Amino acid sequence: MDALLRHAQALYKDRQRIALAAVIICFSAAFYVFYGPPIQYALGEDPVWTIISSGWSQGTVVVFGYSTVGFLLALSVVVFIYAFWSWAFLPSPATLYTMAVLRGIYGSKTQITQRIGKRFRVHLERDAYVDFECRIRGRGSEDWFIYRVTTSAITAPNLEAIALRHGFSVSDGRLITWMSNDELHSRTLLLAKALILAGT
Amino acid sequence: MTEDTRRSVYELVQMLSSFNETRRAIIMALAHVYPKSVSGVQLSRLIGYSGKSRSLYRGVLAYLQDDKLIHIDELTPKLYAIRINSEHPLLGVLIGLCKEYGTEARAIYAKAMEEQ
């Protein structure tokens, strides 16, 4: 694995640790805010049900009260922020690696835009493009960084044959494939060749 | 050798060299044992894979199937039969080459599959 990617992998693990720490801190803070001392004023003096003891009924009021809604809301905001963070942004060394590989094949003059959601779009001639969407597989997986590659729709009569002969498949007139990080350079090269043969 | 075969062999070499080690090992092993199909455990033995075969299914095998290089048939929910796609234009050439020149290598693969 490339040194940049190994760095990115370490940063990603750090990100998970930061997220865990943030969840713990938010959990304690939210717990204090919503279940702290003022809660006793919210509870009435009289028990709601007379059959069970007042302690139980007061506890039930707390669990099904607005405090719990607020508490869960606060936690879900934290989880949502983390989910968005890891969906949207690739650790910067991995971005550097991807851009360097793509520039190495398409040249420095080709326009490559980077979009939110770990996506890269290489703009080719005549509105054709190639999308690279990076996914992080994480622990327990052989390939840490996986790219979902999709091209723009191509109209070539023998597209299927061209795709198969370069190790890709066709869906809706687009060449699609999955590449792992160590295949990114060699298979993108073949993709560029396939696109030339398909006449884009 | 005709012009067409030479071209196919060139494209085959180019395609195989674009794959990473795991994919290459899988395709070479499956091309040699063709027309037999193998299970996930047998395949991980054939390619010297130390991880769980389950992670092969989730990763590289699913991608190979997407690119129409292999077929995965589900025999039972836990047992899969994996075989190479012999209708693929380049892999057909590879299978032919293996059949013609790969007798010894096939014997080695067969031995690796038999051992428990």
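Residues numbered from 1 in each chain as written. Chains lettered and ligands numbered in written order. Predicted model: local features only at pLDDT ≥ 70, side-chain atom pairs only at ≥ 80, totals over all residues. Heavy atoms only, no water.

Residue and element names in this part refer to chain A. In this model helix α1 (residues 3–35) runs 48 Å from its N-terminal to its C-terminal C-alpha over 33 residues, within 8% of the 48 Å that 1.5 Å per residue would give. Among the residues of α1, those classed as buried are Leu 5, Ala 8, Gln 9, Tyr 12, Arg 15, Ala 19 and Ala 30. Buried residues belonging to α1 abut α4 (66–88), α5 (92–106), β3 (129–136) and β4 (145–151). (Helix = DSSP H or I, 4+ residues; strand = E, 2+ residues; numbered from the N terminus. Expected span 1.5 Å × (residues − 1). Buried < 20%, exposed > 50% of the residue type's maximum accessible area, 1.4 Å probe, protein only. Contact = heavy atoms within 4.5 Å.)

Looking now at the interface of chain A and chain B. Think of interface size as the accessible area that goes away when the parts come together; that is how it is often given. On the chain B side, the residues contacting the 24 residues of chain A number 21 residues. Among the residues of chain A in contact with chain B, Leu 164, Arg 165 and Trp 178 of chain A are the three that bury the most area, contributing 32% of the side total. Taken together, the connections running from chain A to chain B amount to three salt bridges. Between Arg 187 of chain A and Asp 67 of chain B there is a salt bridge; the shortest N-O distance is 3.5 Å. Linking chain A with chain B are 14 residue pairs in polar contact (both at pLDDT 80 or more). Among the elements of the structure, α6 (159–164), β5 (169–171), β6 (174–180) and α7 (184–197) of chain A are those that each provide at least two residues to the side of chain A that touches chain B. Residues of the side of chain A that touches chain B, tallied by class, amount to eight nonpolar, seven polar and nine charged. (Buried area = accessible area lost by both parts, 1.4 Å probe. Salt bridge = Lys/Arg side-chain N within 4 Å of Asp/Glu carboxyl O. Polar contact = N/O pair within 3.5 Å; in protein donor to acceptor, adjacent residues only side chain to side chain. Nonpolar A, V, L, I, M, F, W, Y, C, P; charged D, E, K, R; others polar.)

A word on the sheet that holds β4 of chain A. All names here are of chain A. Spatial ordering of the open sheet is given by β1-β2-β3-β4-β6-β5, a layout of six strands whose pairing is antiparallel. In this open sheet, the two edge strands, each paired with only one partner strand, are β1 (112–115) and β5. Going from strand to strand, the sheet's axes swing by 25° on average, the running direction of each strand aside. By the bridge criterion, five bridges tie β4 to β6 in an arrangement that is antiparallel. The residue bridging Thr 150 from the neighbouring strand is Ile 176, located in β6. Sheet strands in contact with α5 are β1, β2 (119–123), β3 and β4, and its direction is about 15° off that of β2. (Pairing = 2+ DSSP bridges. Axes fitted to C-alpha atoms, helices over the stretch in contact; angles between N-to-C directions.)

All names here are of chain A. With their axes 7 Å apart at the nearest point, α1 and α5 run at an angle of 150° to one another. By the criterion of interaxial angle, the relationship of α1 to α5 is roughly antiparallel. Our pair here, α1 against α5, has a crossing hand that is left-handed. Of α5, the residues touching α1 (which contributes Leu 4, Leu 5, His 7, Ala 8 and Leu 11) are Pro 93, Ala 94, Leu 96 and Tyr 97. In terms of residue class, the contact of α1 with α5 is built from eight nonpolar, one polar and no charged. (Parallel < 35°, antiparallel > 145°, perpendicular 65-115°, else oblique. Left-handed = near helix turned anticlockwise from the far one by under 90°.)

All names here are of chain A. On the surface, Ile 18, Val 77, Phe 80, Ile 81, Phe 84, Trp 85, Trp 87, Phe 89 and Ile 116 cluster together into a nonpolar patch covering about 900 Å² of accessible area. Looking at the nonpolar patch element by element, the count peaks at six residues for α4. Summarising the element assignment, Phe 89 is placed in the loop between α4 and α5. A relative accessible area of 40% places Phe 89 in the partly exposed class. (Patch = residues over 30% accessible without salt bridge, like charges linked within 9 Å, V, L, I, M, F, W, Y side chains within 5 Å. Areas by Shrake-Rupley, 256 points an atom, 1.4 Å probe, with all protein chains shown as cover.)

Once that is clear, we can look at the packing of α5 of chain A against α7 of chain A. Residue and element names in this part refer to chain A. Packing of α5 against α7 brings their axes to within 10 Å, and their N-to-C directions diverge by 35°. By crossing handedness, the relation of α5 to α7 is classed as right-handed. Between α5 and α7, the residues in contact are Tyr 97, Thr 98, Val 101, Leu 102, Ile 105 and Tyr 106 and Leu 184, His 185, Thr 188, Leu 189, Leu 191 and Ala 192, respectively. A class-by-class count of the residues in the contact of α5 with α7 yields nine nonpolar, three polar and no charged.

This paragraph deals with α4 of chain A. Its 23 residues place the ends of α4 of chain A 32 Å apart at the C-alpha level, agreeing with the 33 Å of an ideal helix rising 1.5 Å per residue. Every buried residue belonging to α4 of chain A is among Ser 67, Thr 68, Gly 70, Phe 71, Leu 75, Val 78, Ser 86 and Ala 88 of chain A, and all of these are buried.

Further remarks concern the packing of aromatic side chains. For any two aromatic rings, the description comes down to two numbers: the centre-to-centre distance and the angle of the planes. Residues and elements named next belong to chain A. Evaluated as defined, the whole model comprises eleven aromatic pairs over all chains. On the basis of an interplanar angle of 70° and a centroid distance of 5.4 Å, the ring pair of Phe 27 and Phe 71 is categorised as edge-to-face. Remark: Phe 71 occurs in helix α4 and Phe 27 occurs in helix α1; sequence separation between them is 44 residues. By relative accessible area, Phe 71 is classed as buried at 8%. (Phe/Tyr/Trp six-rings, centres within 6.5 Å; stacked < 30°, edge-to-face > 60°.)

A few words on the environment of Leu 102 of chain A. Residue and element names in this part refer to chain A. You can see Leu 102 is positioned in helix α5. Each C-alpha atom, one on Leu 102 and one on Leu 189, is 9.3 Å from the other, the two residues being 87 residues apart in sequence. When near neighbours in sequence (up to four residues on either side) are disregarded, Leu 102 contacts Gly 107, Ile 112, Phe 120, Val 122, Phe 132 and Thr 188.

Residues and elements named next belong to chain B. All told, the structure shown has eleven salt bridges over all chains when counted by the stated rule. A salt bridge links Asp 73 to Arg 83, with the shortest nitrogen-to-oxygen separation between them at 3.1 Å. Here Arg 83 lies in strand β2 (residues 79–84) and Asp 73 lies in strand β1 (residues 70–76), a separation of ten residues in the sequence. The class of Asp 73 is partly exposed, set by a relative accessible area of 30%.

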